[in-house]
Amino acid sequence: MVFDQTFLRDLVALKDEAGVVSLYSTANPREEASVKPAWGIKLRNELSAMREQVSAWPEKERRAAVLARLDALEPDIQELVDAAESGLGRALFAPVGQTDVHKISLQVPIDDCAVLESTAYVRPLVTAMATSAPAGLVLVSRSGLRLIDYRYGVAEDVHTTTFDPDTDEWRQMRGPGPGGTQQPAVNQLDKFQRRVDDNLRRFLHSASQEVSERVKSLGWTDVLLIGDPALTEVVSTALRPQEVVHVDTIVDALPATEVAKHVRGELAETREARDTALIARVRNAAMSGGRGVLGLNQTLALLNEGRVDHLLLDEKGHWSGSRGLDGYLYDQTPNGMAVENEPDLGERMIEAALNSGVTVTILGSEAAKSLSDYDGVAALLRW
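A short tour of the structure in this document, coming up. Note that this is a predicted model, so its numbers are computed, not measured.

The rules behind these values
Residues numbered from 1 in each chain as written. Predicted model: local features only at pLDDT ≥ 70, side-chain atom pairs only at ≥ 80, totals over all residues. Heavy atoms only, no water. Helix = DSSP H or I, 4+ residues; strand = E, 2+ residues; numbered from the N terminus. Contact = heavy atoms within 4.5 Å. Axes fitted to C-alpha atoms, helices over the stretch in contact; angles between N-to-C directions. Left-handed = near helix turned anticlockwise from the far one by under 90°. Nonpolar A, V, L, I, M, F, W, Y, C, P; charged D, E, K, R; others polar. Expected span 1.5 Å × (residues − 1). Buried < 20%, exposed > 50% of the residue type's maximum accessible area, 1.4 Å probe, protein only. Arc of directions from axis to C-beta. Pairing = 2+ DSSP bridges. Core = buried A, V, L, I, M, F, W, Y, C linked by side-chain atoms within 4.5 Å.

Attention shifts here to the side chain of S25. With respect to the element layout, S25 can be found in strand β1 (residues 15-26). When neighbours within four sequence positions are excluded, S25 is seen to be in contact with W39, L43, L80, V81, L88, G89, R90 and D112.

With that settled, consider the packing of helix α10 (residues 296-304) against helix α11 (residues 345-355). Interhelical geometry of α10 versus α11 gives an angle of 35° and a closest axis separation of 11 Å. You can see that α10 and α11 cross each other, and the crossing is left-handed. For the pair α10 and α11, contact is made by L296, L300 and L303 and by L345, M349, A352 and A353, respectively. Looking at the contact of α10 with α11 residue by residue, the class counts come to 7 nonpolar, no polar and no charged.

Here helix α3 (residues 60-72) contains 13 residues, and its C-alpha end-to-end distance of 18 Å stays within 8% of the 18 Å for a straight helix at 1.5 Å per residue. The complete set of buried residues in α3 reads V66, R69 and L70. Buried residues along α3 cover an arc of 100° about the axis, so they all sit on one side. Away from its buried face by more than 90 degrees, α3 exposes K60 and E61. Packing partners of the buried residues in α3 comprise β1, α2 (38-55), α4 (74-80), β2 (89-95) and β4 (113-119).

To continue, consider unusual backbone geometry. The omega torsion of the bond from R240 to P241 falls at 10°, within 30 degrees of zero and hence cis. With respect to the helices, strands and loops of the structure, P241 is situated in the loop between α7 (229-239) and β9 (245-247). At Y152, a residue that is not glycine, the phi angle is positive and equals roughly 50°. Along the polypeptide, Y152 turns up in the loop between β6 (144-151) and β7 (154-162). If you check the backbone angles, D375 has positive phi at about 65° while not being a glycine.

All right, on to the pairing of β2 then. Of all the 7 residues making up β2, 7 are buried; the element is thus mostly covered by neighbouring parts of the structure. Side chains of β2 alternate between two faces, with G89, A91, F93 and P95 and R90, L92 and A94 buried alike. Here 7 bridges tie β1 to β2, and the two strands are oriented antiparallel to one another. Across the sheet, residue V20 finds its bridge partner in β2, namely P95. Pairing analysis gives 5 bridges linking β2 to strand β3 (residues 102-106), with the strands arranged antiparallel. Among the inter-strand pairings, F93 is bridged to a residue of β3, identified as H102. Taking the residues between adjacent antiparallel strands as the criterion, β2 and β3 are bridged by 6 residues.

So, about the nonpolar core. Ranked by size, the top nonpolar core spans 46 residues in total, and within it L11, L106, L125 and M349 carry the most contacts. Residues within four places of L125 in sequence aside, it is in contact with F7, L8, L11, Y24, I104, L106 and I110. Listed in part, the 22 residues of the second largest apolar core include A18, M50, V54 and W57.

Given below as structure tokens:
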């Protein structure tokens, strides 16, 4: 399954007048031996609260339909909280008036919750995806290049290019040097090594084309060059203007999953730096009268007009507001307008953005501090 903006748009397209049940749960590997792990109990408590809320509804038919659907979902819910099932973060989406059940699993944590709304509730999933966006881990060594695709908690080797020069014709001269001088043999070995090094640099420069192609085909948001700085610099030069992060460590012999664990800190720092740069770009555009906007009120107005191209939201942000009969979202209700309250305006903004082809970025809380004076909301504009 490909988790991208298209996938998210398809997910928010799940609609049902009676409601869509959205369930999220994160398994705790340390509790796998438990008969009733705490993370499963938490979801059960959320479901109990949902049942109590639905049972108090005055609409008899809808109430009965939702409760019957929850009963029918019990095998799927049991699977969702089963420690034996794969996946760290798990999600389930089930329209009340249909029999379809959509299941997703990632190898990253997802905020636990149970939500019943008219559409699929996607914010926890969008946030989890932001913390583990596709990255390329490029191991650079004297043996060659090894490319690892790392996304949503899963690391997989995708390509290896081996440096194996044919040195049979490279004679390591020994004995007297030019003109009968007694040049030390070590000098001849140095020349041989320099020739190997020159060929290695040419090899790495040429092999970097494979990295560029993978960035495009696999949609790598970040690229980490891992290895001896003298070698990663060669690859970095060949990749310009592609931005990369250098990691000075040797992990060539480790499996892909262990490599990803080894650079977990650098990946988190890279995400923060990327978010910070994106915020700076929006701020500069907004302050200069360009295609940028800051703050909830102005961003909502331009989102309603279809002018937003890239929506930025603080992952810790909570916003409330209203929705007009025309579907427009407001943080402050216009005078005399009939509206419905929207206690979770963040979800509605994500939904509106995805439905109109807008890219959504959930900002890490550290980087988002620079938007604290602007409600944790900003956007790049189409015009």
